[in-house]
Amino acid sequence: MLLVLLRDRGALLMGFVVPVVFFLILAEIFTSSADGELRLRLALTDEIQSPESLRLLAALEANASIERVDHAGDRETVRELVRRGTADVGLVLRADGEPLTGPPGFGPPPLLLLVDPARAVIADLLTGQLQRAYFGALPDVPLRNVIDLVGSEFTEFTPGQLAEIETGLGGMVRAAEAGAEVGFRFDDLLDRTSVVGQSASRNQVAYYAGAIAFMFLLLAAAQGAMTLIDEHESGILDRIAAGPAGPAPVMDGKFLFLAGQGLVQTTLIFAAAWLIYGVDLPGEWPGFLLVSVAAALCAAGIGLALVALCGTRARAQVMPVVVIVTVSAIGGSMVPRFFMPPWLQDLGWLTPNTWALEAYSGVFWRGAAASELLLPCILLALAGVAGLACARLAVRRMLGD
Amino acid sequence: MKPATLPLVKVKSARLAREGRRMLDGVDLELADGRLLALIGPNGAGKSTLLRVLAGRRRLDSGSVRVLGQDPLRQASARRAIGFVPQSIALYPQLPVRSNLEIFARLLGVPGRAIRQAVDEALDWSGLRDRAADAVSQLSGGMQRRVNIAAGTLHQPRLLLLDEPAVGLDPGVRGTIQDLMRRLRERGIGIVLTTHDLAEAGELADEVAIMLAGRIAAFGSPAELVAAEFGQCREVNLLLHVPPDDPARTALIAGGFLPTASARLWTTRFDGGLVELEQLRSRLSAQGLAVDELRLREPGLDGLFLRVTGEILQ
């Protein structure tokens, strides 16, 4: 198999280059979102045109999460920009609503979001950014509303007090215009710290390295196991089966070769994750090696079994890919498991992808002890051995024994 | 008392059916060391099935098969004495000839230190030494066949089983494959091969088994079998212009002709000469039969095969 592989440049590319490139692309996509660097394209129109509305717009434009702000002439243009997908979301500072600076009244709110339902989650992200900009750009407005409420409901301020309040609020506005952070801020009530040493993005990369590595392990193992079909069609398996040891040693050899190939493949992906994203491969190599050996054995056995059960080239070219892609999707290789509904997360435990991902998360995310890794690793290795046994039986059936 | 020498191959009352079809139906066979047996018969007669039974690749429903006294299905030591060459080119096409032979030597249990010598010897006797570094896919069909055979002999088997070793080759190339088998036999290897080439079987084989519907219909040396069937007679083959009607069929059978798988072709033993042949033609014409060809020939395996199976092998 090694000699054949070395002479097949396409297979080398598919086995050792494509997975790394695929991983780098996905890692780039998902680390961007994990860092909060998602760039929103915002279309807006300011129908109010007051000093406050201009301050709010300036704050939005200064927000790093908002990539582009299209100032549209009117509400319909904003609507059209969102409908066409030119903008992710639209914002109208409406003249027909309650005042931007006043307490909520009975009329329409002063801010109107125009949302494409297909990108509703982006509207939620913008809502957060909008609140931040509002409190940053108009720090006096919520205070003024509170003072008005206190003045009308609890105690009447004297003219002198009112003058002092106006002076204070005016100072806040000037400070905000000068870039200072003043007034009420939810940020001040909130602190954030990581439960592990590394940043969230590095952990995300470790997750995706494991997720993509295991999916490609399965695909590469199934691709490598196609030699079984070649050897069956050419009569090589028949020749080997007539030999003194039968086909079993050849199957064992393929199993070990595919596992070795998988280990190299996984190491390349994690090496890229280490070199480019700083995933701590050198610090966690014993755990990585343990999980990767178990994962590679698992993929080798399953790949061989899937191809051997197919028996014919036509089936073996389609069925294993369908099974692997489905199992990988359920098991969390494509979308993180924590995005999935609970029943799908439970179903994931029936897939080897989930065991492998949990084991890699244990190594790179949770800093799990070796004893914690043993169960998933044993399960993975046992699945591999079961796959090999299944493949041996299927080959005997294929040969008509 | 000296113990009796074990036959190389002994098959006794071998029966095997698959999906209601009798593939072997009571086959008895014995072959001594260093002999070449050709299995001939029409498609579906059971030749390849018998070859696989000998290779330990099929389990019999009843009966027994022994190679040097051992069961090749259950005993690896029996399979160690067997070399199996499938009909297809069972080689890795992208790899060089030498790498292929090294791989199969290892799989056939040749010890690591002896592999190089075994491969070199195989390259020498098969005449492939100059092409050892070439990929199998770059070789001609005949050369690929030679590598295919060489790959089955690396472990010095006592019995070599070949399934249609020269199928699809030009007559010239077929000759080189036959030379190869002669060389193997000279090395003391017993050979069982299946073939559709009766000339090849007649020239090469010490023994021939004509198989029909899972049974051995005739077994012996080609000369003995032909002599037993034809005696001092020769063979006449009659090719009619159109298939005969029922009265004509009855007349032909009464006249000693045997029908074949082709309705236009009939065969008979004939102990006359050219004068008697001309008289036969006249009689046939008088019976209203349009004769395209009436051929008098020395009997051979093909004539025997036609009489036994009713078929002509191309």
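One can find the structure itself at the top, above this paragraph.
Given the structure is predicted, the values throughout are model-derived calculations rather than measurements.

A.B. asks: How would you summarise the overall build of chain B if you had to cite specific residues and measurements?
C.D. replies: In terms of helices and strands, chain B carries 11 helices and 13 strands. A total of 314 residues make up chain B; the buried ones form 52% of that total. Summarising the internal contacts of chain B: among those between residues at least 6 apart in sequence, 67% fall at separations of at least 24. Accessible surface, chain B: about 14,400 Å² in total, of which carbon and sulfur atoms supply 48%.

A.B. asks: Can you lay out the overall build of chain A for me, pointing to particular residues and giving the numbers?
C.D. replies: The helix and strand tally for chain A stands at 16 helices and four strands. Put simply, chain A has 401 residues, and 46% of those count as buried. Looking at chain A as shown, the accessible area adds up to about 19,600 Å², and 64% of this sits on carbon and sulfur atoms.

A.B. asks: Explain the interface of chain B and chain A residue by residue, including any values.
C.D. replies: At the interface, 25 residues of chain B touch 18 residues of chain A. Surface buried jointly by chain B and chain A totals about 2,000 Å² across both partners, of which 55% is contributed by carbon and sulfur atoms. One can count two salt bridges joining chain B with chain A. Across the pair A:Asp238 and B:Arg57 runs a salt bridge whose closest N-O atoms are separated by 2.8 Å. If you look at where chain B meets chain A, you find nine residue pairs in polar contact (both at pLDDT 80 or more). Of all the secondary-structure elements, those providing two or more residues to the side of chain B that touches chain A are helix 2 (76-80), strand 5 (82-85) and helix 3 (97-107) of chain B.

A.B. asks: Would you mind going over the environment of A:Ala211 in detail, with residue names and values included?
C.D. replies: Residues and elements named next belong to chain A. Position of Ala 211 among the secondary structure elements: in helix 8 (residues 200-234). Look at Ala 211 and you get buried, because its relative accessible area is 0%. Along the primary structure Ala 211 and Glu 358 are separated by 147 residues, whereas in three dimensions their C-alpha atoms are 9.7 Å apart. Those residues in contact with Ala 211 that lie beyond four places of it in its chain are Gly 332, Ser 333 and Leu 357.

A.B. asks: Could you give an account of a nonpolar patch on the surface, with specific residues and numbers?
C.D. replies: Residue and element names in this part refer to chain A. Nonpolar side chains collect at one region of the surface, where Val 321, Val 325, Met 334, Val 335 and Phe 339 lie side by side and expose about 410 Å² of accessible area between them. Looking at the element boundaries, Val 325 is found in helix 13 (residues 319-331). With relative accessibility at 33%, the residue Val 325 sits in the partly exposed group.

A.B. asks: Would you mind going over the packing of helix 15 (residues 352-364) of chain A against helix 16 (residues 370-398) of chain A in detail, with residue names and values included?
C.D. replies: All names here are of chain A. In the contact formed by helix 15 and helix 16, the axes pass within 9 Å of each other and the chain directions differ by 145 degrees. Our pair here, helix 15 against helix 16, has a crossing hand that is left-handed. Between helix 15, through Pro 352, Trp 355, Ala 356, Ala 359, Gly 362 and Val 363, and helix 16, the contact on the second element is made entirely by Leu 373, Pro 376, Leu 379, Leu 380 and Ala 383. Of the residues in the contact of helix 15 with helix 16, the class split is 10 nonpolar, one polar and no charged.

A.B. asks: Break down helix 1 (residues 47-54) of chain B for me, with residues and values.
C.D. replies: All names here are of chain B. Burial runs high along helix 1: seven of the eight residues are buried. Residues of helix 1 that are buried: Lys 47, Thr 49, Leu 50, Leu 51, Arg 52, Val 53 and Leu 54. Phi for Gly 56, located one or two positions after helix 1, is positive at around 75 degrees.

A.B. asks: So, the sheet that holds strand 9 (residues 215-220) of chain B: which residues are in play, and what are the values?
C.D. replies: Residues and elements named next belong to chain B. As summarised here, the arrangement of the six strands in space is 5-6-7-3-8-9, forming an open sheet in which the pairing is mixed. The two strands at the open ends of the sheet, each matched to only one other strand, are strand 5 and strand 9. Neighbouring strand axes in the sheet, compared pairwise and without regard to direction, differ in orientation by 15 degrees on average. Of the pairings in the sheet, the one linking strand 3 (residues 36-40) to strand 7 (residues 190-194) comprises four bridges and is parallel in character. Bridge pairing in strand 7 places Leu 36 opposite Ile 191.

A.B. asks: Give me the nonpolar core: which residues, what numbers.
C.D. replies: Residue and element names in this part refer to chain A. Membership of the largest hydrophobic core comes to 70 residues, with the highest contact counts inside it found for Phe 23, Leu 304 and Phe 364. If you list the elements that add at least two residues to this core, you get helix 2 (9-34), helix 8, helix 9 (236-241), helix 10 (248-277), helix 11 (285-310), helix 15 and helix 16. Residue contributions to this core peak at 18 residues, all from helix 8.

A.B. asks: Describe the packing of helix 10 of chain A against helix 11 of chain A, with residues and values.
C.D. replies: Residue and element names in this part refer to chain A. Where helix 10 contacts helix 11, the axes come no closer than 8 Å and their chain directions differ by 135 degrees. Between helix 10 and helix 11, the interaxial angle falls into the category oblique. As for the relative orientation of helix 10 and helix 11, their crossing is right-handed in sense. Touching Met 251, Lys 254, Phe 255, Leu 258, Ala 259, Gly 262, Leu 263, Thr 266, Thr 267 and Phe 270 of helix 10 are Phe 288, Ser 292, Val 293, Ala 296, Leu 297, Ala 300, Gly 301 and Leu 304, all from helix 11. Taken together, the residues of the contact of helix 10 with helix 11 sort by class into 12 nonpolar, five polar and one charged.

A.B. asks: Help me get a handle on the sheet that holds strand 2 (residues 66-71) of chain A, residues and values and all.
C.D. replies: All names here are of chain A. Taking strand neighbours across the sheet as the criterion, the four strands line up as 2-1-3-4 in an open arrangement whose pairing is mixed. The strands lining the two open edges of the sheet, one partner per strand, are strand 2 and strand 4 (111-115). On average, each strand axis in the sheet is inclined to that of its neighbour by 25 degrees, with strand direction left out of account. Where helix 3 (residues 51-62) meets the sheet, its contacts fall on strand 1 (40-46), strand 2, strand 3 (89-93) and strand 4, and the angle it forms with strand 1 comes to roughly 170 degrees. Sitting on the sheet, helix 4 (residues 75-84) is in contact with strand 1, strand 2, strand 3 and strand 4, with an inclination near 35 degrees to strand 4.

A.B. asks: Just give me the short version of the pairing of strand 9 of chain B, but keep the residues and values in it.
C.D. replies: Residue and element names in this part refer to chain B. Here strand 8 (residues 207-212) runs beside strand 9; their pairing, made up of five bridges, is antiparallel. By the bridge assignment, Ile 210 is partnered in strand 9 with Ala 218. Following strand 8, the chain reverses through two residues before pairing antiparallel with strand 9; Ala 213 in that reversal takes a positive phi of roughly 50 degrees.

A.B. asks: Outline the packing of aromatic side chains, listing residues and values.
C.D. replies: Residues and elements named next belong to chain A. Scanning the entire structure with this criterion turns up eight aromatic pairs over all chains. Judged by centre distance (5.8 Å) and plane angle (90 degrees), the rings of Tyr 134 and Phe 135 are edge-to-face. A network of ring pairs unites the aromatic residues Phe 270, Phe 288, Tyr 360 and Phe 364 as a single cluster.

A.B. asks: I'd love a proper account of the pattern of salt bridges, names of residues and values included.
C.D. replies: Going through the model one piece at a time under the given rule, you end up with 36 salt bridges over all chains. Ionic pairing is found between A:Lys254 and A:Glu231, a salt bridge with its closest N-O pair at 3.0 Å. Of the two residues, A:Lys254 is situated in helix 10 and A:Glu231 in helix 8; the sequence distance between them amounts to 23 residues. Across the salt bridge formed by B:Glu207 and B:Arg35, the nearest N and O atoms sit 3.0 Å from each other. One end of the pair, B:Glu207, is in strand 8; the other, B:Arg35, is in the loop between strand 2 (21-31) and strand 3, with 172 residues separating them in the sequence. The partly exposed category is assigned to B:Arg35, whose relative accessible area is 32%.

A.B. asks: Describe the pairing of strand 3 of chain A, with residues and values.
C.D. replies: All names here are of chain A. Where burial is concerned, most of strand 3 is hidden: five out of the five residues are buried. Covered by surrounding structure in strand 3 are Val 89, Leu 91 and Leu 93 together with Gly 90 and Val 92, the residues of both alternating faces. Sheet topology places strand 3 next to strand 4; five bridges connect them, and they run antiparallel. Directly across from Val 92, in strand 4, lies its bridge partner Leu 112.

Each value, and the rule that gives it
- Residues numbered from 1 in each chain as written.
- Chains lettered and ligands numbered in written order.
- Predicted model: local features only at pLDDT ≥ 70, side-chain atom pairs only at ≥ 80, totals over all residues.
- Heavy atoms only, no water.
- Helix = DSSP H or I, 4+ residues; strand = E, 2+ residues; numbered from the N terminus.
- Buried < 20%, exposed > 50% of the residue type's maximum accessible area, 1.4 Å probe, protein only.
- Contact = heavy atoms within 4.5 Å.
- Areas by Shrake-Rupley, 256 points an atom, 1.4 Å probe, with all protein chains shown as cover.
- Buried area = accessible area lost by both parts, 1.4 Å probe.
- Salt bridge = Lys/Arg side-chain N within 4 Å of Asp/Glu carboxyl O.
- Polar contact = N/O pair within 3.5 Å; in protein donor to acceptor, adjacent residues only side chain to side chain.
- Patch = residues over 30% accessible without salt bridge, like charges linked within 9 Å, V, L, I, M, F, W, Y side chains within 5 Å.
- Axes fitted to C-alpha atoms, helices over the stretch in contact; angles between N-to-C directions.
- Left-handed = near helix turned anticlockwise from the far one by under 90°.
- Nonpolar A, V, L, I, M, F, W, Y, C, P; charged D, E, K, R; others polar.
- Pairing = 2+ DSSP bridges.
- Core = buried A, V, L, I, M, F, W, Y, C linked by side-chain atoms within 4.5 Å.
- Parallel < 35°, antiparallel > 145°, perpendicular 65-115°, else oblique.
- Phe/Tyr/Trp six-rings, centres within 6.5 Å; stacked < 30°, edge-to-face > 60°.

These values are about where atoms sit, not about what they do.
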